[in-house]
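Each chain, letter by letter, is given below.
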Amino acid sequence: GLKQGEKGLKVWVMCEVPSNVLAIDDFASIFDGFSIGSNDLTQLVLGCDRDSGDLAHIFDESNSAVTAAISQAIQGAHRNGLPVGLCGQAPSDKPEFAAFLVEEGIDSISL
């Protein structure tokens with residue numbers, strides 16, 4: 001099977017649940033990088049389902065709790081010398097969110 005580090009194989013982890021952010025130093029000792037899944041992270045930080053007609057209006061990646069979590073993840077990855085990217089819809093829909101990511105030092109953005 002495949003082995004991390006063998007023949008240059010790097011293993012990244014999706015950072016989609018608040019525990020990934022809160023324990024990022026622990027995860028950094030296991031993985032080679034992080035990819036923040038902004039859609040799932042937003043849902044779980046805010047406790048809402050973006051697909052629910054009753055709750056979708058609450059879903060907002062620009063919410064201060066979500067941006068704090070994303071900022072903490074970026075800082076934590078970099079503190080551990082690891083790259084961090086973000087995949088999600090927000091950077092393509094909200095130029096100010098893309099600017100926030102760049103200001104925070106994100107290494108890559110996947111839309």
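Note: the structure precedes this text.
Residues numbered from 1 in each chain as written. Predicted model: local features only at pLDDT ≥ 70, side-chain atom pairs only at ≥ 80, totals over all residues. Heavy atoms only, no water.

Enquirer: Describe the sheet that holds strand E1 (residues 12-15), naming the residues involved and giving the relevant values.
Expert: As summarised here, the arrangement of the 4 strands in space is E1-E2-E3-E4, forming an open sheet in which the pairing is parallel. The outermost strands of the open sheet, each flanked by one partner alone, are E1 and strand E4 (108-110). With direction set aside, neighbouring strand axes in the sheet form an average angle of 25°. Strand direction decides the pairing type here: strand E3 (residues 84-87) and E4, joined by 3 bridges, are parallel. When the bridges of E4 are listed, Cys 87 appears paired with Ser 110. (Pairing = 2+ DSSP bridges. Helix = DSSP H or I, 4+ residues; strand = E, 2+ residues; numbered from the N terminus. Axes fitted to C-alpha atoms, helices over the stretch in contact; angles between N-to-C directions.)

Enquirer: I'd like to hear about the packing of aromatic side chains, residue by residue, with values.
Expert: Within the structure shown, the criterion is met by 1 aromatic pair. Between the aromatic rings of Phe 97 and Phe 100, the centroid separation amounts to 5.7 Å while the plane-to-plane angle is 45°, which identifies the pairing as tilted. With a gap of 3 residues between them, Phe 97 and Phe 100 both fall in helix H6 (residues 95-104), about one helical turn apart. By relative accessible area, which is 2% here, Phe 97 ends up buried. Of the residues examined, Phe 100 reaches a relative accessible area of 17% and is grouped as buried. (Phe/Tyr/Trp six-rings, centres within 6.5 Å; stacked < 30°, edge-to-face > 60°. Buried < 20%, exposed > 50% of the residue type's maximum accessible area, 1.4 Å probe, protein only.)

Enquirer: Explain the pairing of E3 to me, using residue names and the numbers behind them.
Expert: In the sheet, strand E2 (residues 33-37) pairs with E3 via 4 bridges, with the strands oriented parallel. Bridge pairing in E3 links Ile 36 to Leu 86.

Enquirer: Lay out the state of the cysteines in plain terms, naming residues and giving numbers.
Expert: All told, the structure shown has 0 disulfides when counted by the stated rule. The thiol of Cys 15 is unpaired, and the distance to the nearest cysteine sulfur, on Cys 87, comes to 10 Å. By relative accessible area, which is 26% here, Cys 87 ends up partly exposed. (Disulfide = S-S within 2.5 Å.)

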